[in-house]
Amino acid sequence: MKAIFRFAPLAAMVVLLFGAGCAPLAPPPTPVATGKVYVVNEDDDTVSIIDVATQRVMATVAVGGWPHCVVLPADGRLAYVTNGEAGNISVIDTRSNAVVSTIPAGKDPQGMAIAPDGREAFVANYDSNDVSVIDLAQGRVSATIPIATEKEPMPNPQGVAVSPDGKQVYVVSIHSGQVSVIDRAQRLVTQSFHIVEGLAGVAPLPDGRHLYLGGHGAMMKGMEGMTKGKMNQDVRVVEVGTGQVVATISTGIMPIDIALSPDGSRAYVVCHGSHEVWVLDTARRQAIATIKVGGNPQGVVPTRDGKLLYVSNRNDNTVSAIDAATGQVMATIPVGKGPRGVAAQ
């Protein structure tokens, strides 16, 4: 079983940190939003469904063993949950809040991403070191793409994302620090490059030419690395064509998950070790705000209108609901045990 590092939880509060020349975020009226947010609870094998209008859990759905990630296609009719221990994907009907089918995957499926056309999903299988391609209409695996190489026989893929044009799939591997670029049409890895150990989060920018990458850092080697200050504390901006790091943005400790605002102007970075969300300006490639959340946050997602952010706090068994414009924590919502992945309908 993979180690989970825990830190003492902090009370939810907001601290905005502005660098030189940065204007403060304007305080618009409190947003009114609708929809649902799906939260994977890794330690009790459930998904909590939050009603955005009331900021309360409206339903809890049992899924497979050790769930990691949840994603929804654009139509929002189904939610897909990767179950690491079970080695499969639970499919939830979002109208009935019930599991309607199960799709086999590889060993320990973790990250998952849906292509922009909604036809396929891509699943990073941590232990089998490959990617399952899911035909969503058929509800089955249509291809399996290995990402292990002779140099990196056990990269342990965790994060996955699809390019804005749907032509490429980006897979980040936590132990090797490898980024694998898959050609979707050819079903093979066409490019691979090493960035830094402990990669976990990946977010392609709307320009289609750059990736934001974050992760744990060298602390994945053990507590000795942590005491020597080797935990990652930055997000790297990588040019896809060359695999070169073109910018490094300082953040909090262990930036393990990254989500973009709907317009791509902001990147929201969950910093697991410092119990924060950092807000990055993607045009200027710099941090503009820091938001304190609960203990050991794991995942972040904006609502589809971009008005709210939801952050899962693993140690507190809560989710923070945040006003994206002001950075204010509007609600702290109790969910299941060990919340991890989050997705918005």
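Bringing the overall build of the protein into the picture now. Across its full length, the protein holds one helix and 28 strands. Put simply, 45% of the contacts in the protein that link residues at least 6 apart link residues at least 24 apart. Entry remark: accessible area of the protein is about 13,800 Å², with carbon and sulfur atoms responsible for 51%.

Turning next to the pattern of salt bridges. Applying the stated criterion across every chain, the model contains 12 salt bridges. Between K292 and E276 there is a salt bridge whose closest N-O contact spans 3.5 Å. Note that K292 is positioned in strand β23 (residues 286–292) and E276 in strand β22 (residues 276–281), a separation of 16 residues in sequence. Residue classification places E276 among the buried positions, given a relative accessible area of 11%.

Quick look at the layout of surface pockets now. Volume-wise, the second largest pocket comes out at about 200 Å³. Those elements that provide at least two residues to the lining of the second largest pocket are β21 (266–271) and β23. Counted by class, the lining of the second largest pocket contains nine nonpolar, three polar and two charged residues.

Below, the discussion takes up the confidence of the model for the protein. When pLDDT is averaged along the protein, the result is 89, and 87% of the positions lie at 70 or above. Contacts of residues 1–28 to residues separated by more than four positions or lying in other chains number 72 contacts, the stretch itself having pLDDT below 50. Long-range and interchain partners of residues 219–229, a stretch whose pLDDT sits below 50, account for 13 contacts in this model, where long-range means more than four residues apart.

Taken in spatial order, the four strands make up an open sheet running β20-β21-β22-β23, and their pairing is antiparallel. The sheet terminates laterally at β20 (255–260) and β23, the two strands that pair on one side only. Strand-to-strand twist in this sheet, taken as the mean axis angle between neighbours without regard to direction, amounts to 25°. In terms of strand pairing, β20 meets β21 through five bridges, oriented antiparallel. In the sheet register, D257 faces β21, and the bridge partner there is V270.

How each quantity is defined
- Residues numbered from 1 in each chain as written.
- Predicted model: local features only at pLDDT ≥ 70, side-chain atom pairs only at ≥ 80, totals over all residues.
- Heavy atoms only, no water.
- Helix = DSSP H or I, 4+ residues; strand = E, 2+ residues; numbered from the N terminus.
- Contact = heavy atoms within 4.5 Å.
- Areas by Shrake-Rupley, 256 points an atom, 1.4 Å probe, with all protein chains shown as cover.
- Salt bridge = Lys/Arg side-chain N within 4 Å of Asp/Glu carboxyl O.
- Buried < 20%, exposed > 50% of the residue type's maximum accessible area, 1.4 Å probe, protein only.
- 1 Å grid on protein atoms, 1.4 Å probe; cavity = no way out; pocket = protein on both sides within 12 Å on 5 of 7 lines; lining within 4 Å.
- Points joined across faces, edges and corners; volume = space filled by probe spheres on them.
- Nonpolar A, V, L, I, M, F, W, Y, C, P; charged D, E, K, R; others polar.
- pLDDT = per-residue confidence, 0-100.
- Pairing = 2+ DSSP bridges.
- Axes fitted to C-alpha atoms, helices over the stretch in contact; angles between N-to-C directions.

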